[in-house]
Amino acid sequence: VPPRLEALPRSFDGPYVDQVEQTRKDGSTVWTEVTTRYVINPHNGRTEVYGVSRDISERKRMQDALLESNRRLRLATTSADIGIWDWDLRRDMVTWDDKMFSLTDVPAQSEPMSVEACFRLVHPEDLLQVTEAMERTRTEGKDLDTEFRVRLPAGGERYMRAHAIFVRGEHGGTVLGVELGAG
């Protein structure tokens with residue numbers, strides 16, 4: 001008996017839900033989501049089983065495609081030394097992936113940071129160019145493509161190249177970007 005089925009008799013309090021790949025008569029397979037509820041009949045004390053099964057093959061295909069796409073993205077960004085960030089315009093907060101922290105020598109943190117904190121890293125001589133480019137992306141939806149310097153916390157600077165796009169959302173939108181060392 002598969003381990004997930006051994007728990008069934010203990011699941012009387014709620015439905016048991018599982019995803020199962022089933023074989024059709026023609027030999028092809030279909031993914032189903034099976035929802036089962038076990039009820040003790042008060043008249044005879046017997047356990048009765050009620051269930052619903054629905055085809056989730058398309059959902060499984062989409063999940064598999066998304067996983068594969070994420071694997072490819074991870075390979076590309078790791079190989080090219082690219083960091084990814086997004087700017088939530090409604091909250092005015094920026095989220096970085098681990099590579100962005102590495103590229104800027106900033107200690108990693110799990111919480112988003114303010115836009116101002118990000119701009120403080122930009123070299124003062126490049127700040128106006130960067131803020132104007134970001135503003136055009138935010139307000140006009142223009143793609144961002146700019147080079148600038150960041151000041152490193154331990155001293156020195158690093159040249160960066162940023163590309164970003166505006167993604168419209170129901171609460172305003174997001175600026176989604178990538179950065180890589182430019183030299």
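In case you missed it, the structure is sitting above this.
Keep in mind that this is a model prediction, so the values were computed, not measured. (Residues numbered from 1 in each chain as written. Predicted model: local features only at pLDDT ≥ 70, side-chain atom pairs only at ≥ 80, totals over all residues. Heavy atoms only, no water.)

Trainee: When you look at the overall build of the protein chain in this model, what are you seeing that I'm missing?
Mentor: Within the protein chain one finds five helices and nine strands. Ordered by position from the N terminus, the helices and strands of the protein chain form the series α-β-β-β-α-β-β-α-β-α-α-β-β-β. The C-alpha atoms of the protein chain give 26 Å as radius of gyration, which overshoots the globular expectation for 183 residues (16 Å, by more than 25%). Here the C-alpha coordinates of the protein chain stretch approximately 80 × 40 × 35 Å along the principal axes. By the burial criterion, 29% of the 183 residues in the protein chain qualify as buried. (Helix = DSSP H or I, 4+ residues; strand = E, 2+ residues; numbered from the N terminus. Rg over C-alpha atoms; globule rule 2.2 N^0.38 Å. Buried < 20%, exposed > 50% of the residue type's maximum accessible area, 1.4 Å probe, protein only.)

Trainee: What is the right way to read the sheet that holds strand S4 (residues 82-88) from this model?
Mentor: The pairing of strands in a sheet happens through backbone hydrogen bonds and is either parallel or antiparallel. In spatial order, the strands read S6-S5-S4-S9-S8-S7; together these six strands make up an open sheet with antiparallel pairing. Looking along the sheet, the strands with just one partner apiece sit at the ends: strand S6 (113-114) and strand S7 (144-151). Looking at chain direction, strand S8 (residues 157-169) and strand S9 (residues 172-181) are connected through ten bridges and run antiparallel. Counterpart to Phe-166 in the pairing with S9 is Val-175. Here helix H5 (residues 127-140) sits on the sheet and contacts S4, S7, S8 and S9; the angle it forms with S7, its principal contact strand, is near 145°. (Pairing = 2+ DSSP bridges. Contact = heavy atoms within 4.5 Å. Axes fitted to C-alpha atoms, helices over the stretch in contact; angles between N-to-C directions.)

Trainee: Mind showing me how you'd approach the pattern of salt bridges here?
Mentor: Pairing between side chains of opposite charge can happen when the charged atoms of each approach one another. Inspection of every chain in the model, using the stated rule, returns 15 salt bridges. Put simply, Arg-91 and Asp-88 hold a salt bridge, and the shortest N to O gap is 3.1 Å. Its salt-bridge partner being Glu-147, residue Arg-161 comes within 2.6 Å of it at the nearest N-O pair. Placement of Arg-161 in strand S8 and of Glu-147 in strand S7 is noted, with a sequence separation of 14 residues between them. A relative accessible area of 26% means that Arg-161 is categorised as partly exposed. (Salt bridge = Lys/Arg side-chain N within 4 Å of Asp/Glu carboxyl O.)

Trainee: So what exactly am I meant to see when it comes to the environment of Arg-61 here?
Mentor: With respect to the element layout, Arg-61 can be found in helix H2 (residues 57-80). Sequence spacing of Arg-61 and Trp-31 is 30 residues, and the spatial spacing of their C-alpha atoms is 9.5 Å. A distance of 3.2 Å separates polar atoms of two side chains, one belonging to Arg-61 and the other to Glu-58. (Polar contact = N/O pair within 3.5 Å; in protein donor to acceptor, adjacent residues only side chain to side chain.)

Trainee: Even after reading the chapter, I still don't get empty space enclosed by the protein, so can you show me in this structure?
Mentor: Space left empty within the atom packing is revealed by a probe, the size of a water molecule, rolled over the atoms. Under the definition given, this model contains one cavity of 30 Å³ or more. Taken as a whole, the largest cavity encloses approximately 230 Å³ of empty space. Lining the largest cavity are 19 residues; nearest its centre among them are Trp-85, Cys-118, Phe-119, Phe-148 and Glu-179. When grouped by side-chain class, the residues that make up the lining of the largest cavity number 16 nonpolar, two polar and one charged. (1 Å grid on protein atoms, 1.4 Å probe; cavity = no way out; pocket = protein on both sides within 12 Å on 5 of 7 lines; lining within 4 Å. Points joined across faces, edges and corners; volume = space filled by probe spheres on them. Nonpolar A, V, L, I, M, F, W, Y, C, P; charged D, E, K, R; others polar.)

Trainee: Can you walk me through the nonpolar core in this structure?
Mentor: In summary, soluble globular proteins display a tendency toward joint burial of nonpolar side chains. Core analysis: the largest hydrophobic core is formed by 26 residues, its most contacted members being Trp-85, Trp-87, Val-94, Trp-96, Leu-144, Phe-148 and Val-175. Listed by contribution, the elements that provide at least two residues to this core are S4, strand S5 (93-96), helix H3 (98-104), helix H4 (115-121), H5, S7 and S8. Ranked by the residues each element gives to this core, the list is headed by S8, at four residues. When sequence neighbours within four positions are dropped, the list of residues in contact with Trp-85 reads Val-94, Thr-95, Trp-96, Met-100, Met-134, Leu-144, Ala-164, Val-175, Leu-176, Gly-177, Val-178 and Glu-179. (Core = buried A, V, L, I, M, F, W, Y, C linked by side-chain atoms within 4.5 Å.)

Trainee: Sorry if this is basic, but what is going on with unusual backbone geometry here?
Mentor: Excluding glycine, residues mostly carry a negative phi; peptide bonds, for their part, are mostly trans. Unlike most non-glycine residues, Asp-81 shows phi in positive territory, near 60°. Along the chain, the position of Asp-81 falls in the loop between H2 and S4. A relative accessible area of 35% means that Asp-81 is categorised as partly exposed. Here Asp-92, not a glycine, exhibits a phi torsion of approximately 60°, which is positive. By the element assignment, Asp-92 lies in the loop between S4 and S5.

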